[in-house]
Amino acid sequence: MLLSRKLNHADRDGRVDQDDVAAPSVNGIPAPSRQSLRGLDWFIFFLADVQTGFGPFIAVYLTTQKWTQVEIGLVLSIGGIVGLIGQMPGGAIIDAAKSERLVAALAIATIGACALAYAAMPIFPIVVAAATLHAAASCVLGPAIAAISLGLVGPLAIGERLGRNARFASLGNGVAAAVMGTAGYLLSSRSVFLVTFLLAIPTLIALSRIRENEVDIRRSHGEMPPEAADRADTNIWHLIRQRPLIVFALSVLLLQLANASMMPLMASAVTARSAQWATVLVAFCIVVPQAIVALLSPTVGRKAQAWGRRPLLLIGFGALAIRGLLFATVRDPYLLVAVQVFDGITAAVFAVMIPLIVADVAFGSGHFNLAQGIVGTATGIGASLSTVLGGYVSDKFGNATAFIGLSGVAATGLLLILLVMPETRRTA
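This text gives an overview of the structure that appears in the document. Because the structure is a prediction, the values reported are computed rather than measured.

### What about the overall build of the chain?
So, point 1. Of the regular secondary structure elements, the chain holds 17 helices and zero strands.
So, point 2. Looking at the chain as a whole, 50% of its 428 residues qualify as buried.
So, point 3. Split by element, the accessible area of the chain, about 19200 Å² in all, is 68% carbon and sulfur.

This is the structure:
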């Protein structure tokens, strides 16, 4: 068992600080120190906390500030549009960066300033500017996390690392929702954004714990080492024409087309059937999948290397199709909470599989993060279409028909993976 790093000095008792000792090297790649790995864990945890503040709390806060629903919808739409068109430029920025940590730090500082702007001056020009800057900054954070992870552990260990990332993100989302909901209830809706601003501080501290010299810049961008015999074509057009990337982006579009509107439609159905307990039931429907993601994501990362990617993709799409059918047939609002277990399975699979398969396909091209942006764009398009189409079908034909249709879309994605998607797993 080799240690890639030791302290240059020991403490007074002659012992070595375990945070400065790396785990054994894997497949010849020196492993990062525990300090860097733990720093990445807590960076993801606190970043999820920060991002949670910009969820449903925006609509609640602006409503208390006497904004109309049209104005709130316009602000949310602007953020959504910027977030969609910024996916590929955000990935390209990370590919061009000399330090992903620096780009991530600037993005977090920007988001913290946006939260402070929401709290200090909730007037239309300031809020629109803050929504735009927040969406733009978020476009680089997802690729930055994946790039730092890949740079730290390399392509053969990235599956398990991504599973760990998903666990800490899920835990962060759950904790932040509870803390911010409590702050909003006990203090005011404005306090949510002050908490968000304060949480940017431990996020930056955790990021600083990741050692710059342990993040291999070539691996972060998906480049082969200079001495590699099988160096890939680094032309962007060669990457974009890769069949696995095109098929996977289409499958992710179908995933979001089937998934994004299920929760809003289910929430409406629960409210109609049990108005008194609707808020509590919907909260449980959010918490259950997060718990499943936190529990299963590391296992998904390990199994992805042992089984391959396609079996897990089939499980994810299968769980989504079953969830849609159950939503269409289950009438008891309390049983709908149990159905959300399938949402957790799908979320656990794709939280790991999306960046992992992009890493498989793009590694060697030098454009790993641009490829993430391509798949991220497909994600945004699918989610946007889902809410519109799902709502239209529900209004015209009823919730049951809408859920069956969404289940059919998920089944189409399953068939696409089964019949067209190749296996992308890398071996030593």
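After presenting the structure, the write-up continues.
### Let's talk about the side chain of arginine 101
So, point 1. By the element assignment, arginine 101 lies in helix H5 (residues 100-120).
So, point 2. Exposure remark for arginine 101: the relative accessible area of 17% places this residue in the buried category.
So, point 3. In contact with arginine 101, not counting residues within four places along its chain, are Ile148, Leu207, Ser208, Ile210 and Glu212.

### Some details on the packing of helix H11 (residues 243-259) against helix H17 (residues 399-419)
So, point 1. Closest axis-to-axis distance for the H11/H17 pair is 8 Å, and the angle between their directions is 160°. Comparing their axes, H17 and H11 come out roughly antiparallel. Pair H11 / H17 crosses with left-handed handedness. Where H11 abuts H17, its residues Val247, Leu250, Ser251, Leu254, Leu257 and Ala258 lie against Leu406, Val409, Ala410, Thr412, Gly413, Leu416 and Ile417.
So, point 2. Tallied by class, residues from the contact of H11 with H17 come to ten nonpolar, three polar and no charged.

### As for the packing of H5 against helix H8 (residues 190-208)
So, point 1. Closest axis-to-axis distance for the H5/H8 pair is 8 Å, and the angle between their directions is 165°. The angle between H5 and H8 falls in the class roughly antiparallel. For the crossing formed where H5 meets H8, the hand is left-handed. Contacts between H5 and H8 pair Arg101, Ala104, Ala105, Ile108, Gly112, Ala115, Leu116, Tyr118, Ala119 and Ala120 from the former with Arg190, Phe193, Leu194, Thr196, Phe197, Ala200, Thr203, Leu204, Leu207 and Ser208 from the latter.
So, point 2. Here the residues of the contact of H5 with H8 sort into 14 nonpolar, four polar and two charged.

What counts as what
Residues numbered from 1 in each chain as written. Predicted model: local features only at pLDDT ≥ 70, side-chain atom pairs only at ≥ 80, totals over all residues. Heavy atoms only, no water. Helix = DSSP H or I, 4+ residues; strand = E, 2+ residues; numbered from the N terminus. Buried < 20%, exposed > 50% of the residue type's maximum accessible area, 1.4 Å probe, protein only. Areas by Shrake-Rupley, 256 points an atom, 1.4 Å probe, with all protein chains shown as cover. Contact = heavy atoms within 4.5 Å. Axes fitted to C-alpha atoms, helices over the stretch in contact; angles between N-to-C directions. Parallel < 35°, antiparallel > 145°, perpendicular 65-115°, else oblique. Left-handed = near helix turned anticlockwise from the far one by under 90°. Nonpolar A, V, L, I, M, F, W, Y, C, P; charged D, E, K, R; others polar.

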